[in-house]
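Here is what each chain is made of, one letter per residue.
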Amino acid sequence: MNTIQKIKYLGVAFVVSFFSFSCIDELPLVENLPNPDVAFTYSVIDNTYQIDYYVGATVQFVSKSAAQGTCSWDFGDGTTAAGTTVTHKYAVAGTYAVKLTVEGSGSLTQTILISDIRPIMKLNPIEGGLCEVLSTYVSFNVELPNPEALTEEYTWTFPAGTLDESGAAKESFIGKDPGRVKFSNVGSQTVRLQVKLGGRLLEESMLNVQVAYNSAVPTLYFAVKTGNIMALKLVGTAPAGMQINPFDLGVKSGQHPLNILFNDTSLYVLDCGKQFTYVNDVDENLGDGRITVVSKSGSKVETMLTNTTQAFGDPFYGYIEGTKLFFADRNTGITTINLNERNRSLIFTGYSTTHYRPDFPYYVQNTTLGYYGQGISFGAINAGFGKINGVWYWCKTFSGNGIFRFTDADILPAPITGNGVLPASGVALDGMSPKSFVWDTKNQVLYFSIYDTGYEGIYRCTLAQLNNIKSRTDLAPFKLTLANGKTVTPITEVGKGEGSAGEFIGICQLALDENDGSVYFGLRSADATVKSGLMRYNPASGKIEYVIQGVEVYGVAVNKAKAKLF
Amino acid sequence: MKKIQIVAVILMSMLFFTACDIHDTLDQDVIVGNMAPQVYWEVASSTVTAGSNVPFTAQYYSTSEAAIDHLEVWYNVDEQEAKTVNCPWTTSLVFNFTSTTSVEKRISQKISEYPHIETNWSKALSAYTFTATFPTSNTLASISWIKPTTFDSTKMVSYFGAEFMQHFKDSLYSKMQAVDFQKMYQGLNLVTNFKIYLDSTFNNNTGKYDYHFPIDAQGNMPVPAAIRAIYQTIPFADLIFNTSNANYEVEFTRSYSINANLETIDTKGVNGSAIKTTITLN
């Protein structure tokens, strides 16, 4: 190799390396800018309550910075310190922004939550494990972190119907140990404790005592808007003086749990997420729906399925048959998942128009029924569905309205664009907006809700009568009313309730108590003279009546197995 | 031959010189460092009561020469707040305040440590396995104040801030129309005959009269001074009182969740992490 060649090689190498090195990022050198080489951790170093971060706890901050330099700390409460490892005590509860600055390198700010001291309330173990109304006495245990040995003042507040050991009403108690009490009402009985520590009022603590009924009865579950899943013993007529209050399971309802389904010992909550109406989800990443499995007591919550892809793919409505849960998305089809599945994800691949889902292919789609193009249009909005006598009933409320009926044999092997063979089962409530239904096998009657303007409400009829309803005016004989003659009218006005045309929340689920034939549902009332609430149709009176007034409910489900508690 | 040499030099140069921050050839194409222990865990429930212990089952093993030393559970704390305040008196508009936030309140930190025990080896799983729990703090219990039947101004300030009530009142006033004032004032029994403050215009479209405040010389419909003065005297609580349900249209919830992780650390200090699990506290 001669000199000229060597120069050529070196020149080539130089040019290549020049361009290659030019991709190195310039790191900010300004001291007060964030620097990835600055890092710190913190922890409580007191011997007790290390995970509580109480006011007055000693918190140790340790720099883990790769950057070299003097460390200075701003604790966010007006105080500062210097050094690689420092400690600090916060005097007031709150959230603080702690900033570590490494001289000559940069800084990092992280938050720390300092909690106020809070009494820890516990129920002492109950003999037999069950607190039964009017018979079981319970007692309480309170632990109050008090490192500075300040004066303690305890004020207890008990729910109505609490009795002491002498049988006298106990509404409140001042002192640390209120003694043994029993309850004369069923449901979550909330005991509250207000504590003053050194004369300073702490945040109120509360404890729910789950008080069982005194005989075995079915349980109704309902999902409360911006609240928790609740349970209610279906007692029928409660004994005189006894209130049947709901149990708070301590499990959040979720964003829009339009359907909840009870099976065996678990409650399946179908939450269609924050966005449940139309959205231009061009990036197909607005899905946030999920199916969760809640044990009947609420003590265990597991995730069955999550969707983080298309918003329209979220689970909206469901139905359980055998070992499978069928769930409908917003406007395309119905999918199945085995009841024992956990922690699964809905994955879409390919183009959105094909909705290709390798793990969870559709069981049936709009386009795999002969109705497509002949009743069901593209994107027809789904509502409640289920099977009656081997025939699927699929409610649609937009771009094809009615209950579209079909058998498994009617489901086509591949999507069509139209001109299919119409299923022999036919369309019920053709052109109307049925939102939900439930079939009473024992009494051979169908209950359904619709929200067509002027015809909103709950209806009850036989299948033969259903087949003869050809127009909205045919509905009149089957409409159910309250004792005062009024009907139930769900909100269908934009801005007043949730949803939009074709997909208002309406009465999104009906649940049957097979024991007495009652049908339960949640009403968001558009009629100022009929309050919103949890309601039921009582077959004994033939009227709709309130179960709980004022509560805003999504899905409802009944556990027909009888128990004193859950 | 010369061409081959030149190409070889270019390739060699690219391989070694492209190891910049973004395109680290070595880091992308080969495994460097030590093999971390493998760990998998399942948490019994994704929702637990604050203050309770969270049960979990773990499986782990190591392919490295280094033995497993111990395991650690780490988690951070996120806070979720949802706030809604609604004025039920308005009919010309829907007036409400809604806010939802989710922020990290505490960084991830070690919560508990578990010793590695050789006898935990499961032949069937070809992994070590054990069940244990980790603690949560009762200070992270959720708080909810939903449509109360009695108004608590201390809670209102605590949950919404000191300025919120006045700001809400001022904003509402700027949006209200005559029909809204009328409904509110009559509902709160503040005015016996509201019509004396109103004027009307026949609406050809509806065939009915529209009621509004009198039109001034500039064509505006200013709120009459008397109505304005009464508004100043209305307590905030009355603005959000729902007479139908006899409650106040305010909702506040604060809850916490933790993002928990199980780490397995070997005797060389190399750690392997399980998939992070989010647990809601109530």
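If you're wondering where the values come from, they're calculated on a predicted model, not measured in any experiment.

A. Expanded view of the overall build of chain B. Check the secondary structure of chain B and you find 7 helices and 15 strands. Taking 282 residues into account, the globule formula puts the C-alpha radius of gyration at 19 Å, and chain B, at 33 Å, lies well above it. Seen through its principal axes, chain B has C-alpha atoms that stretch 95 × 65 × 35 Å. Taking the contacts inside chain B whose residues are at least 6 apart along the sequence as the reference set, 69% of them involve residues at least 24 apart.

B. Broad picture of the sheet that holds strand 37 (residues 511-513) of chain A. All names here are of chain A. Taken in spatial order, the 4 strands of this open sheet run 37-38-39-40, and their pairing is antiparallel. A strand with exactly one partner marks an edge of an open sheet, and here the two such strands are strand 37 and strand 40 (543-549). On average, each strand axis in the sheet is tilted by 30 degrees relative to the strand beside it, whichever way the strands run. As judged from the 5 bridges shared by strand 38 (residues 518-523) and strand 39 (residues 533-538), these two strands associate in the antiparallel manner. Within strand 39, the position partnered with V519 by the bridge is Y537.

C. How the structure looks around the confidence of the model for chain B. For chain B, the mean per-residue pLDDT works out to 89, and 91% of the residues sit at or above 70. Quick note on the complex model: pTM equals 0.84, ipTM equals 0.79.

D. Main features of the sheet that holds strand 35 (residues 445-450) of chain A. Residues and elements named next belong to chain A. Pairing is antiparallel in the open sheet, where 3 strands are placed in the order 34-35-36. The open sheet has two edge strands, strand 34 (434-440) and strand 36 (457-461), and neither has a second partner. For this sheet, the mean angle separating the axes of adjacent strands, direction not counted, is 20 degrees. Where strand 34 meets strand 35, 6 bridges bridge the pair, whose relative direction is antiparallel. Considered in strand 35, the bridge of F437 is made with F448.

E. The arrangement of the nonpolar core in detail. Counting 137 residues, the largest nonpolar core has A:L220, A:Y221, A:I260, A:L270, A:Y447 and A:V556 as its most contacted members. When residues of this core are sorted by domain, at least three fall in each of domain 1 (40-114) and domain 2 (120-212) of chain A. Filtering out sequence-adjacent residues up to four positions away, A:Y221 remains in contact with A:I229, A:A231, A:I260, A:F262, A:L267, A:V556, A:A557 and A:N559. Ranked by size, the runner-up nonpolar core spans 27 residues in total, among them B:W41, B:F56, B:A141 and B:A274.

F. Structural context of helix 5 (residues 178-187) of chain B. Residue and element names in this part refer to chain B. Every buried residue of helix 5 is accounted for by A178, F181, Q182 and M184. Among the structural elements, strand 10 (208-212) and helix 6 (225-233) are those in contact with the buried residues of helix 5. Looking one or two residues beyond helix 5, the residue adopting positive phi is N189, at roughly 55 degrees.

G. Representation of the domain arrangement of chain A in the model. If you check the domain split of chain A, you get domain 1 (40-114) and domain 2 (120-212). Between the C-alpha centres of domain 1 of chain A and domain 2 of chain A the distance comes to 37 Å.

The rules behind each value
Residues numbered from 1 in each chain as written. Chains lettered and ligands numbered in written order. Predicted model: local features only at pLDDT ≥ 70, side-chain atom pairs only at ≥ 80, totals over all residues. Helix = DSSP H or I, 4+ residues; strand = E, 2+ residues; numbered from the N terminus. Rg over C-alpha atoms; globule rule 2.2 N^0.38 Å. Contact = placed C-beta atoms within 7 Å. Pairing = 2+ DSSP bridges. Axes fitted to C-alpha atoms, helices over the stretch in contact; angles between N-to-C directions. pLDDT = per-residue confidence, 0-100. Core = buried A, V, L, I, M, F, W, Y, C linked by C-beta atoms within 7 Å. Buried ≥ 20, exposed ≤ 12 C-beta atoms within 10 Å, placed from the backbone. Domains from an automatic or database assignment.

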